[in-house]
Every structure is written in structure tokens, then in C-alpha cells.
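Spelled out, the chains give:
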Amino acid sequence: MSGWRDRLQKGSFRGIAFHTDNASGSAGRRVAVHEYPQQEKYYAEDLGKKAESERLKVFVIGADYDLARDELMAALNKPGTGKLVHPYLGTLQIQVQDFDWTISTRQGGYCEFNIQYVRAGKITPPTSSNNTGKALQDNTATSENAAKDGFINRYSVDDTAAFVEESALEKMNDLVSSIRAINGQIAGALQPISTVAAIIDDFGNEVATLVSQPSKLVNAVFAVAASAFGAVDDIKVAFKGYDHLLAGFAENLVADVTGLSVNRTQEAQNSAALNVLIVSAATISATNAIVNIQSAASGSSSSTSSAFVTLTDAQTARDTLLTTIDTLIDSGISDDEYYAWADVQSTLVKYTSELEPNLATSNTVQLTASLPALVVAYNLYGDADREEELTTRNAIANPLFIPAGVDLEVLS
């Protein structure tokens, strides 16, 4: 049976061999302890892993020790990282920080080195959520094109009974009503509201003609959805509208045509196709809204856009979109649509992950006694100016009275 001695390796650095006397090292975490005057509370902030600092005591020996000594000195003095074959730890890339050497007359033919080094790290280019955001919007554009083609292949009112077209018109009128309702609910977040309302009105006036022209209908649906969501500058507001649309059209994405006549079959297929179209347009528009609002908020300190504040907010929006896309994928869409939506899902996950370092985390607390928001903000954050943040996030009606015994969401 082999043991640890059998796994020891002959030590070398940049190909220059040496014998090892002993090795040691240190590692850990970089921790900043934040303490505040006149407060008993503090917290420790983890700033990441420390560079692993290690030491080696090595020697060269023998009749030609002086040649080996000079070669090892030259190797240790070379700039940049080098390969160390560590007798105990295996092969490492290291950066030498400093070393010293000792030669004595008493111990001839022998030179000892004490080497201090750190393991070489990698320079990781900063990931840009702007780049990933662009990739996400590119993928939604591909999904839009695939969804348009899929709809045109599934929807038809040609050579059908009159009620088939009437049924499609009824659903389109329902869509107009839903978008108008969203427009009314979130009017304060739309810029400019008059332009969006005019686009919705134009769409509503045209649907009677559009239902018999699939290629124009599909473009109009995507256009009105993009206009409505594109005018919103608050992600929470955008998702209120998104949830409203899903509630009306996210069911019955698959047509049940069992035992139906030819016309009723086409009617059911058209209804499902229109639902898939509306949900697809809303999902693409909501996804693009996230990227646009997030980019606007991070690109300018004077921006009025309301982006994600907490990681929970971002994850909730992400999960809502992912779940809806799963529903679309399960509805029997084409292969082109399937692969396009799968790309949107994977890029959306990556995009949200890249936002994580800049987002606050949240947890819940409960007060043991009712207090004014100013006092609670100071007790929680050491900053009474965060009163508005606390009351807004928890929908507190009266900032002078935050009730005890209920969960309050606080940021950390």
C-alpha cells in the first residue's frame, strides 16, 4: 500500500531542482469589522479570500552546489510567475515575493534558501451585465422572430365560418382592454403617457382588420407590447403590468380539439395561438424592460429609473419569467421557438447573477413594540434618513406607527 512518502515529489522551481528542509504557509479571509460610536452593534464584512502566502526552506548541496545555487538565484529573480513543483503540495504557479540565502564556510558545498511567495492568481476581467444585457436582448429578438413565424403557421381564419374570426376579434379586444387597464394603473410611471395611449388606441382601432391578416396582427401585438413596457421606468411597475397580462392569457396555451368540428378546431387552435402570442410578446417586452431600466439606473446618477434594489427582487422577477417561458416551451411550440426561448432562459440567469454583487440582501425583523419609522430606521441602519426606504418597502401607511409583531423587510 502506498503512503504519503510515496507521493512526495522532487522539488524544483522553473526546472531548477532543490532539496526541501521544511514548508509553511498561511491563508484565510479578508474581514472588515465595522464598529460605530456609541453603539453596541457591529458587523463583520467578508471581503473575499486572502492571497495564500507560503514559505519554503530549501537547499542545494554537492560538489557543483555553486552552479545549482546560481541557477536557482536566477530563477527566483526572474519576473512574473513560475512553475513550482512543491514536494508536499504538488505543482503550483507562484509569484516570488522575496528570498534570502545563506552560505557558510563551516558547511561547505551547501547553500540554503528561504523563499517567500504567493500563489499566482488570475486576472479576471470584470464581467459586464451591459454585455450580457445586450446578449439577452439579442436572444429575445431571436425569440420574437421565431414566435412570429410560429404564430403565422398556427393561426388562420381563411375559409372558416364567421364565428372563427369573431372569436379571434373578441380575444384581441380583451387584449386591448387589458393593456388599457395597465396603462391606467401605471400611468405615473409611463413616459410619455400620451404617446403610449395613442399607440394603444391605434391598435384597438385596427384589430378588426388585423385578425384576418396574421402577419400584420403578430407585428402589431409585439409593437404595442413593446411600447407599453418600454415606456415604464420602474421594474416593479413593469411586473405589475406583466402579472396582469399573464392572468388574462397565460392559461389555455394548448388547444383541446377532441371531438370538435373543423371550424371549432380552428377556433380553439387560434385561441391557443393568440394566447401564446400575447404571453410571448409580454415576456419579451418585460425582459427587455429589465435590461433597459437596469442600464439606465446604473448609467447615470441622475436617472429616475427604479431598478432592482435587492437580490430577492431580481430573483423573483427572473423566476417569474423563467416559469412563464417553461409554460411556453411546454405548449407545443416549434423547434425554432424552443431553442430561442432556451437561449433566453440561460442568458437571463447569467444576467441576474452578474447583478448580484451590486444588490442588497434582505431579511425580516419584528418589533417588540410599535415605534416611529425614524426610530426604527436609526436602530436598524444607524441612519434615520432611511425612514422613507423602510416605509415604502413595507407599505407602511403611517410612518409614526410601525406595528409590532409583524414581519418587516429590511436591507442588509
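Everything here concerns the structure above.
Structure report, in brief. Small disclaimer: the values here were computed from a predicted structure and weren't measured.

The rules we used
Residues numbered from 1 in each chain as written. Predicted model: local features only at pLDDT ≥ 70, side-chain atom pairs only at ≥ 80, totals over all residues. Heavy atoms only, no water. Core = buried A, V, L, I, M, F, W, Y, C linked by side-chain atoms within 4.5 Å. Buried < 20%, exposed > 50% of the residue type's maximum accessible area, 1.4 Å probe, protein only. Helix = DSSP H or I, 4+ residues; strand = E, 2+ residues; numbered from the N terminus. Contact = heavy atoms within 4.5 Å. Expected span 1.5 Å × (residues − 1). Salt bridge = Lys/Arg side-chain N within 4 Å of Asp/Glu carboxyl O.

**Overview of the nonpolar core**
Nonpolar side chains in soluble globular proteins tend to end up buried together. Counting residues in hydrophobic clusters, the biggest one holds 68 residues, and the most contacted among them are Tyr 155, Met 172, Leu 175 and Phe 203. Of all the secondary-structure elements, those providing two or more residues to this core are helix H2 (129-154), helix H3 (162-185), helix H4 (193-210), helix H5 (214-230), helix H6 (235-249), helix H7 (262-299), helix H8 (311-329) and helix H9 (335-355). When near neighbours in sequence (up to four residues on either side) are disregarded, Leu 175 contacts Phe 203, Val 221, Leu 245, Phe 249 and Ile 278. In this structure, Tyr 65, Leu 76, Leu 84 and Tyr 117 belong to the second largest nonpolar core, which totals 19 residues.

**Quick look at the environment of Thr 391**
By the element assignment, Thr 391 lies in helix H11 (residues 387-393). Exposure remark for Thr 391: the relative accessible area of 11% places this residue in the buried category. Residues Thr 391 and Leu 408, spaced 17 residues apart in sequence, show a C-alpha to C-alpha distance of 9.4 Å. Look past the residues within four positions of Thr 391 in its chain and what remains in contact with it is Ala 373, Ile 396 and Pro 399.

**Here's the deal with H5**
Over its 17 residues, H5 runs 24 Å from end to end, which matches the ideal 24 Å to within 8%, given 1.5 Å per residue. Every buried residue belonging to H5 is among Pro 214, Leu 217, Val 218, Ala 220, Val 221, Phe 222, Val 224, Ala 225, Ala 228 and Phe 229, and all of these are buried.

**A short note on the side chain of Ser 285**
Mapped onto the elements, Ser 285 comes out in helix H7. Leaving out residues up to four positions away in the same chain, Ser 285 has contacts with Ala 225, Ala 226 and Phe 229.

**Here we look at the pattern of salt bridges**
A complete count under the given rule lists 9 salt bridges for this structure. The residue Glu 54 makes a salt bridge to Arg 119 at a minimum N-O spacing of 2.9 Å. On the criterion of sequence distance, the pair formed by Glu 54 in strand E6 (residues 53-61) and Arg 119 in strand E9 (residues 110-119) is long-range, its members being 65 residues apart.

All quantities given are derived from atomic positions and should not be read as evidence of function.
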